[in-house]
Amino acid sequence: MRTARILPALVLSLVLTACAAPQVRPAGSIRKVVVVAGSRVDVLPTGSFRQDLMGERNPRTVIARQAEAVLAERGFEVVATRQSQAPVPLTDEVSSFIQQNKAEAGVVVILDWLDTSGAAVLGRVDVVLRLGVVDPSGQVLWTDTFRSSPVVSMYQAQGDWNSFLRRAVIDAVQVVP
């Protein structure tokens with residue numbers, strides 16, 4: 001009788017554990033990466049004291065943290081992140097960072113444009129991100145421009161401007177091969 005109660009709980013915990021596990025990268029694909037964040041937008045609009053305190057007004061901080069988290073969920077091993085001071089990181093900067101950290105490639109995420117005029121009224125922001133994958137020799141393996149109009153709740157839109165950028169980075173990094 002006791003086994004009948006324990007078995008379903010055990011099966012449920014195993015299923016939940018399997019669902020929470022990060023994805024596994026296919027054999028032969030790039031696994032060990034660095035993340036380099038750049039931005040043509042200098043400062044995000046402020047929405048809260050927390051954002052100012054945590055440095056989240058800097059879009060590079062938001063991009064680097066979110067890209068690292070999404071890549072880790074997708075099965076990449078992120079060995080290091082860098083926030084480039086240049087609006088668009090140079091290929092030499094990226095390849096040098098890859099070599100320093102003994103990674104297989106670098107994932108570059110650049111915020112090209114951000115329009116927050118519809119945030120308070122529509123709960124929507126227009127975001128343009130450029131993404132790329134660079135190998136240690138500096139050769140660009142893949143690049144794409146990602147246009148997004150993430151929608152978040154009105155409550156979140158009024159208190160956390162960065163939620164739009166985080167949502168756009170999550171969606172964009174999903175397409176990195």
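Placed above this text is the structure.
Residues numbered from 1 in each chain as written. Predicted model: local features only at pLDDT ≥ 70, side-chain atom pairs only at ≥ 80, totals over all residues. Heavy atoms only, no water.

**Some thoughts on the nonpolar core**
Ranked by internal contacts, the top residues of the largest apolar core, which has 31 residues, are Leu-71, Val-109, Leu-111, Val-127, Leu-129, Leu-165 and Val-173. At the level of elements, strand E1 (32–39), helix H3 (59–73), strand E3 (105–115), strand E4 (126–134) and helix H7 (162–173) are the ones that each hand at least two residues to this core. Excluding residues within four positions of it along the chain, Leu-165 makes contact with Leu-44, Pro-59, Val-62, Ile-63, Leu-111, Val-127 and Leu-129. If you look at the next biggest cluster of nonpolar residues, it comprises 10 residues, including Val-34, Val-36, Phe-97 and Ala-103. (Core = buried A, V, L, I, M, F, W, Y, C linked by side-chain atoms within 4.5 Å. Buried < 20%, exposed > 50% of the residue type's maximum accessible area, 1.4 Å probe, protein only. Helix = DSSP H or I, 4+ residues; strand = E, 2+ residues; numbered from the N terminus. Contact = heavy atoms within 4.5 Å.)

**A word on the pattern of salt bridges**
Counted under the stated rule, the structure contains three salt bridges. Of the charged contacts, one joins Asp-112 and Arg-40 as a salt bridge, the two residues approaching to 2.8 Å between their closest N and O atoms. Of the two residues, Asp-112 is situated in strand E3 and Arg-40 in the loop between E1 and helix H2 (49–54); the sequence distance between them amounts to 72 residues. Between Asp-171 and Arg-167 there is a salt bridge, with the nearest N and O atoms lying 2.9 Å from each other. Taken together, the positions of Asp-171 and Arg-167, both in helix H7 and four residues apart, correspond to about one turn of that helix. Here Arg-167 falls in the partly exposed class, since its relative accessible area comes to 34%. If you follow the salt bridges from partner to partner, you end up with Arg-40, Asp-112 and Arg-130 in one network. (Salt bridge = Lys/Arg side-chain N within 4 Å of Asp/Glu carboxyl O.)

**Comments concerning unusual backbone geometry**
Here the phi dihedral of Lys-102 falls at roughly 55 degrees; this positive angle occurs in a residue that is not glycine. Following the sequence through the fold, Lys-102 ends up in the loop between helix H4 (91–100) and E3. Lys-102 sits in the exposed class, given a relative accessible area of 64%.

**Some thoughts on the layout of surface pockets**
Rolled over the atoms, a probe sized like a water molecule indicates the empty space that remains. In this structure, the largest pocket encloses a volume near 240 Å³. Together, 13 residues line the largest pocket, and Val-88, Pro-89, Val-108, Ile-110 and Gly-132 are the ones closest to its centre. Broken down by element, the lining of the largest pocket gets its largest block of residues, four residues, from E4. Taken together, the residues of the lining of the largest pocket sort by class into nine nonpolar, three polar and one charged. (1 Å grid on protein atoms, 1.4 Å probe; cavity = no way out; pocket = protein on both sides within 12 Å on 5 of 7 lines; lining within 4 Å. Points joined across faces, edges and corners; volume = space filled by probe spheres on them. Nonpolar A, V, L, I, M, F, W, Y, C, P; charged D, E, K, R; others polar.)

**Quick word on the packing of H3 against H7**
Contact geometry for H3 and H7: axes closest at 9 Å, N-to-C directions at 40 degrees. Considering the angle they form, H3 stands oblique to H7. Judged by the twist between their axes, the crossing of H3 over H7 is right-handed. Along its contact with H3, which presents Pro-59, Val-62, Ile-63, Gln-66, Ala-67, Val-70 and Leu-71, the element H7 presents Asn-162, Leu-165, Arg-166, Val-169, Ile-170 and Val-173. Split into classes, the residues belonging to the contact of H3 with H7 amount to 10 nonpolar, two polar and one charged. (Axes fitted to C-alpha atoms, helices over the stretch in contact; angles between N-to-C directions. Parallel < 35°, antiparallel > 145°, perpendicular 65-115°, else oblique. Left-handed = near helix turned anticlockwise from the far one by under 90°.)

**Describing H4**
Inspection of H4 places Val-94, Ser-95, Phe-97 and Ile-98 among the buried residues, and these make up the whole buried set. Viewed along the axis of H4, the buried residues span an arc of 160 degrees, placing them on a single side of the element. Of the residues in H4, the exposed ones pointing more than 90 degrees away from the buried face are Asp-92, Gln-99 and Gln-100. Along its buried surface, H4 packs onto E1, strand E2 (77–83), E3 and E4. Where H4 ends, the next residue or the one after it, Lys-102, has phi of about 55 degrees, a positive value. (Arc of directions from axis to C-beta.)

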